[in-house]
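These are the residues of each chain, in order.
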Amino acid sequence: MRIVHLADLHLGFRQYQRLTPAGINQREADVGLTASRVIDRVIELRPDAVVIGGDVFHSVRPSNSAILHAYRMFSRLRTELPDAAIVMVAGNHDAPRTNDAGCILRLFREIGIQVADATAELFVYPNQDLGVFAVPYMRRNDRPTLLPTSGMKYNVLLMHGGTEDTLPGYMSPEDRAAIEIPLSELHAEMWSYVALGHYHVYREVAPHAYYSGATDYTSTNPWGERQEERRRGLKGKGFIEQDLDTGEHIFHVVETERKFVDLEPLQGAGLTAKEIDSAIASTIANMSTRVDNQVIRLKLLDVPRHIAREIDQAALRELKARALNFQLDVSKPEIRAKKESGGAPGRRQTLEELVADRLRERLLPTGVEREQLVTMGLRYLAEAEESVGAALPVSAE
């Protein structure tokens, strides 16, 4: 019994202002082409089952072009794999906020795909001896007990949501508690496989319990995703193939339509604007991939504001015109200061140290562990800096 697990296609995702000749947002077209490439690979593998872990669309009300693309793509999957079980759940991007609004994913029931969009449903396939318990995105009070009940040989849990330690740190404790899925509640050891959606980077959360990751870079922080992929030794986006009999597990990498290139940061301390211009030009010339039509970020460290203003804006405008998006992040140098006592050279507190000190000084409610609060505060700060950058962006406009 071989299953394919994919999630977080985010069809209809839009970013930047570039349009295709047909008038479609370029990133929307990219994401659709990458998703089609994934479906092509899945059809080649001819698995016994395909499970799709939610966020098929990027919004509850996707564009007509995104709906049409998805319909054609999943119709082809259903036609080419007539005997396969195909199940999808709604993610938080698919799920309407009110009960009176229907979920767009119901459209795919018309072509023979099983969809759980509002409540958890058990889909049983006697010919494959397979039961798929499909749990869409829902708050904790509404979630069912996550235990297999199908009586089949193979029991798969398909679910969309954030598990322990995967939800973003900036969420309030109340919001986190309402939607976070404790690993103990998955009962992963009781399932043949647990297929998760919501987290955009391929990741194992428990034995035979995985996030397949998104099929393209569609989050608010693609650079954070790229960094995590490098830390984990991943080569990019893709999907999972799992053999439920042998335990063989394969993460299939699928090339995205558009490359996201995070260049090595440049150290600008002590350089003149002309020297920085030369360093940028050299970095671009030595890229392993072409600049044209790609998404590129270059971080420039320790550059004073007055030097940043003198960087060649015409050269940056040319890079922006060639790339789909070129982002130059310029960070100011750490400010040095003298100690008040004795005038000995010293160091002004970093933002991290300042936050930690303030958290250690403030009064806390009963039951709040101080060091746990400090650790959480520093994690939130790090995630905020990674997301929006503590950088001074240099405009090329």
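Fair warning: this is a prediction, and the values are worked out from it, not measured in the lab.

**Re the overall build of the protein chain**
Link 1 in the chain: Scanning the protein chain for helices and strands turns up 10 helices and 19 strands.
Link 2 in the chain: Burial statistics for the protein chain: of 397 residues in total, 48% are counted as buried.
Link 3 in the chain: By sequence separation, contacts in the protein chain at least 24 residues apart represent 68% of the contacts at least 6 residues apart.

**Here's the deal with the sheet that holds strand β7 (residues 154-160)**
Link 1 in the chain: The strand order β5-β6-β7-β8-β10-β9 describes an open sheet built from six strands, whose pairing is mixed. The open sheet terminates on both sides in strands that have one partner only, identified here as β5 (121-125) and β9 (203-206). Across this sheet, the average inter-strand angle for adjacent strands is 20°, counted without regard to direction.
Link 2 in the chain: Relative to strand β10 (residues 209-211), strand β8 (residues 193-197) runs parallel, the two being bridged by three bridges. For Ala195, the partnering residue across the bridge sits in β10 and is Tyr210.

**Some points on the packing of aromatic side chains**
Link 1 in the chain: For the coordinates displayed, the defined rule picks out nine aromatic pairs.
Link 2 in the chain: Ring centres of Phe74 and Phe108 lie 5.1 Å apart, and the angle between their planes is 65°; this geometry places the pair in the edge-to-face category. With Phe74 in helix α2 (residues 64-80) and Phe108 in the loop between β3 (85-89) and β4 (114-116), the pair connects residues that are 34 residues apart, well separated along the chain. Note on accessibility: Phe74 and Phe108 belong to one class, buried.

**Considering the pattern of salt bridges**
Link 1 in the chain: Counted by the stated rule, this structure contains 20 salt bridges.
Link 2 in the chain: For Arg109, the salt bridge identified is with Asp117, shortest N-O distance 2.9 Å.
Link 3 in the chain: Under the relative-accessibility criterion, Asp117 is labelled buried at 9%.
Link 4 in the chain: One connected set of salt bridges, linked through shared partners, spans Arg27, Asp30, Asp216 and Arg258.

**Regarding the nonpolar core**
Link 1 in the chain: Counting 42 residues, the largest nonpolar core has Leu130, Leu157 and Leu186 as the members making the most contacts within it.
Link 2 in the chain: Listing elements by their share of this core, those giving two or more residues are β2 (49-52), β3, β5, β6 (130-135), β7, β8, β9 and β10.
Link 3 in the chain: Ignoring anything within four residues of it in the chain, the contact list for Leu130 reads Met1, Ala49, Ala85, Phe123, Val124, Tyr125, Met152, Tyr154 and Val156.
Link 4 in the chain: By size, the runner-up hydrophobic cluster in this structure holds 35 residues, among which are Val38, Val56, Met73 and Met88.

**A word on the sheet that holds β2**
Link 1 in the chain: One open sheet accounts for six strands, arranged β4-β3-β2-β1-β11-β12; its pairing is mixed. The outermost strands of the open sheet, each flanked by one partner alone, are β4 and β12 (249-253). Taking the axes of each pair of neighbouring strands and ignoring which way they run, one obtains an average angle of 20° across the sheet.
Link 2 in the chain: For strand β1 (residues 2-6) and strand β11 (residues 238-243), the ladder comprises four bridges, and the chain directions are antiparallel. Considered in β11, the bridge of Ile3 is made with Gln242.

**Observations concerning the side chain of Arg27**
Link 1 in the chain: Along the polypeptide, Arg27 turns up in helix α1 (residues 26-45).
Link 2 in the chain: Within polar-contact distance, the side chain of Arg27 engages the side chain of Asp216 at 3.3 Å.

**Looking at the confidence of the model for the protein chain**
Low pLDDT marks regions whose predicted coordinates should not be analysed in detail.
Link 1 in the chain: Considering every residue of the protein chain, the mean pLDDT works out to 87; 84% of them sit at 70 or more.
Link 2 in the chain: A low-confidence stretch, residues 336-347 (pLDDT under 50), is modelled with 12 contacts involving residues beyond four sequence positions or located in other chains.
Link 3 in the chain: Considering only residues more than four positions removed or in separate chains, one finds that residues 388-397, a stretch of pLDDT under 50, has 23 contacts.

**A closer look at the environment of Val374**
Link 1 in the chain: Counting through the fold element by element, Val374 comes out in helix α10 (residues 370-388).
Link 2 in the chain: Take Val374: its relative accessible area is 2%, and that puts it in the buried class.
Link 3 in the chain: It is 5.8 Å that separates the C-alpha atoms of Val374 and Ala356, two residues lying 18 residues apart in sequence.

**Section: the pairing of β12**
Link 1 in the chain: Sheet analysis places β11 next to β12, joined by five bridges and oriented antiparallel. Across the sheet, Phe239 pairs through a bridge with His252, a residue of β12.

**Focus: helix α6 (residues 273-285)**
Link 1 in the chain: The first and last C-alpha atoms of α6 sit 18 Å apart over 13 residues, in line with the 18 Å expected at 1.5 Å per residue.
Link 2 in the chain: What α6 keeps buried is the set Ala273, Ile276, Ile280, Thr283 and Ile284. Take α6 and look down its axis: the buried residues cluster within an arc of 95°, on one side only. Exposed residues lying more than 90 degrees from the buried face of α6 are Lys274 and Ala285.
Link 3 in the chain: Those residues of α6 hidden inside the fold are in contact with β14 (266-267), β15 (295-301), α7 (305-308), α8 (313-322) and β16 (325-330).

Conventions adopted
Residues numbered from 1 in each chain as written. Predicted model: local features only at pLDDT ≥ 70, side-chain atom pairs only at ≥ 80, totals over all residues. Heavy atoms only, no water. Helix = DSSP H or I, 4+ residues; strand = E, 2+ residues; numbered from the N terminus. Buried < 20%, exposed > 50% of the residue type's maximum accessible area, 1.4 Å probe, protein only. Contact = heavy atoms within 4.5 Å. Pairing = 2+ DSSP bridges. Axes fitted to C-alpha atoms, helices over the stretch in contact; angles between N-to-C directions. Phe/Tyr/Trp six-rings, centres within 6.5 Å; stacked < 30°, edge-to-face > 60°. Salt bridge = Lys/Arg side-chain N within 4 Å of Asp/Glu carboxyl O. Core = buried A, V, L, I, M, F, W, Y, C linked by side-chain atoms within 4.5 Å. Polar contact = N/O pair within 3.5 Å; in protein donor to acceptor, adjacent residues only side chain to side chain. pLDDT = per-residue confidence, 0-100. Expected span 1.5 Å × (residues − 1). Arc of directions from axis to C-beta.

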